[in-house]
Amino acid sequence: MRKNLLLFLILIIYNVGQSQAIDTLINVGNHKLHFTIIKGKGTPILFEAGNGDDGSTWQTLPNEIHKQTNATVITYDRAGLGKSEIDTTKISFQNEVKDLEIALKKIGYSKKIFIVCHSFGGYYASLFTYQNLKKIKGVVCIDIATPCFFTKKWSDEFIQTIKEEDWKMIKQYKPGLFYTLKNFSNTAEFMQDKFLSPKTPVTMIMAENIQPMIKEEEKGKWINCCKKIGTMQNHSFVVAKNADHKVWEKNPTIVIEEIVKLYKKVK
């Protein structure tokens, strides 16, 4: 009897200690975006995934960040990715950021935000910050694309390398990525003067292992562009040793530590 009671109490304690995630679809007009929310206190932390990825890419990070900060942690799928719908008649980079603003307001997290972004998600985070400067408490960038590297010329050349059969496959399985890539060069040009600035506290985490899409002769420029963002006033620059583009997969400790450190500093 005592053993059963003890087991019962342990299970209660365990369940109370676990983060209860809310899984929901938010209507932003002609389509819905999928959000996962772990409720907490203080400034909410929004995770912005890289190109072609949805919120599930972050794996166990949200739970651990919530555990260490007690903050509300939000992940979501951009239009046409994961469980999110897409309105192909109105899809654009700028409209995606507007839709995110609408969704955050609907779920009650529009007053202040702390952002964690990866890869091309840095562009979404940057435009969101540019348009909501006073609301953004801080941004942690994980091996993000920068306007210094992703110029219109580079983007034009990159798009030309995508084969016709690949375009068809991307459109079928990841329509959100398809429309992002179709507007890739325009986005690169549009964001040249709207990227993260010293006005916002930023931590730039760069992976030691440069991602394969970067050519050998381009690696020096990639590193310099990351440093350019990371060494600005009010910013910090960190190299994640022995880590690939998705830094948290091989080196989750440095990602968690840097998020928690900046969050506690600016919250």
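Just so it is clear, the structure is predicted and the values come from calculations on it, not from any experiment.

1. So, the sheet that holds strand β5 (residues 113-118)
Here is step 1 of the chain: Ordered in space as β1-β2-β4-β3-β5-β6-β7-β8, the eight strands form an open sheet in which the pairing is mixed. A strand with exactly one partner marks an edge of an open sheet, and here the two such strands are β1 (21-27) and β8 (235-240). With strand direction ignored, the average angle separating the axes of adjacent strands in the sheet is 20°.
Here is step 2 of the chain: Sheet topology places strand β3 (residues 45-48) next to strand β4 (residues 73-77); three bridges connect them, and they run parallel. By the bridge assignment for β4, I45 is matched with V73.

2. What to know about the state of the cysteines
Here is step 1 of the chain: Taken as a whole and assessed by the stated rule, the structure comprises one disulfide.
Here is step 2 of the chain: One disulfide bridge connects C148 with C225, the sulfur atoms lying 2.0 Å from each other. Looking along the S-S bond of the C148-C225 disulfide, the torsion reads about -55°, which is the left-handed sense. Pair noted here: C148 is in the loop between β6 (136-142) and α5 (152-160) and C225 is in helix α9 (residues 219-230), with a separation of 77 residues, a long-range link.
Here is step 3 of the chain: The thiol sulfur of C141 is not disulfide-bonded, and the nearest other cysteine sulfur, from C117, lies at 3.8 Å.

3. Some words on the packing of helix α6 (residues 164-173) against helix α7 (residues 175-182)
Here is step 1 of the chain: Two elements in contact, α6 and α7, have axes separated by 5 Å at closest approach and are oriented at 130°. For the element pair α6 / α7, the angle class is oblique. Residues W167, I170, K171, Q172 and Y173 of α6 form the contact with α7, whose own contacting residues are P175, L177, F178, Y179, L181 and K182.
Here is step 2 of the chain: Class assignment of the residues belonging to the contact of α6 with α7 gives a composition of eight nonpolar, one polar and two charged.

4. What about helix α3 (residues 93-106)?
Here is step 1 of the chain: The end-to-end C-alpha distance of α3, which contains 14 residues, comes to 20 Å, matching closely the 20 Å that a straight helix rising 1.5 Å per residue would cover.
Here is step 2 of the chain: Restricting attention to buried positions, one finds in α3 the residues F93, E96, V97, D99, L100, A103 and L104. Down the axis of α3, the smallest arc covering the buried residues is 160°, so these residues share one side. Along α3, the residues that are exposed and aim more than 90 degrees away from the buried face are K105 and K106.
Here is step 3 of the chain: Just downstream of α3 lies G108, where phi reads positive at about 90°.

Here is what the cut-offs are and how they apply
Residues numbered from 1 in each chain as written. Predicted model: local features only at pLDDT ≥ 70, side-chain atom pairs only at ≥ 80, totals over all residues. Heavy atoms only, no water. Pairing = 2+ DSSP bridges. Helix = DSSP H or I, 4+ residues; strand = E, 2+ residues; numbered from the N terminus. Axes fitted to C-alpha atoms, helices over the stretch in contact; angles between N-to-C directions. Disulfide = S-S within 2.5 Å. Parallel < 35°, antiparallel > 145°, perpendicular 65-115°, else oblique. Contact = heavy atoms within 4.5 Å. Nonpolar A, V, L, I, M, F, W, Y, C, P; charged D, E, K, R; others polar. Expected span 1.5 Å × (residues − 1). Buried < 20%, exposed > 50% of the residue type's maximum accessible area, 1.4 Å probe, protein only. Arc of directions from axis to C-beta.

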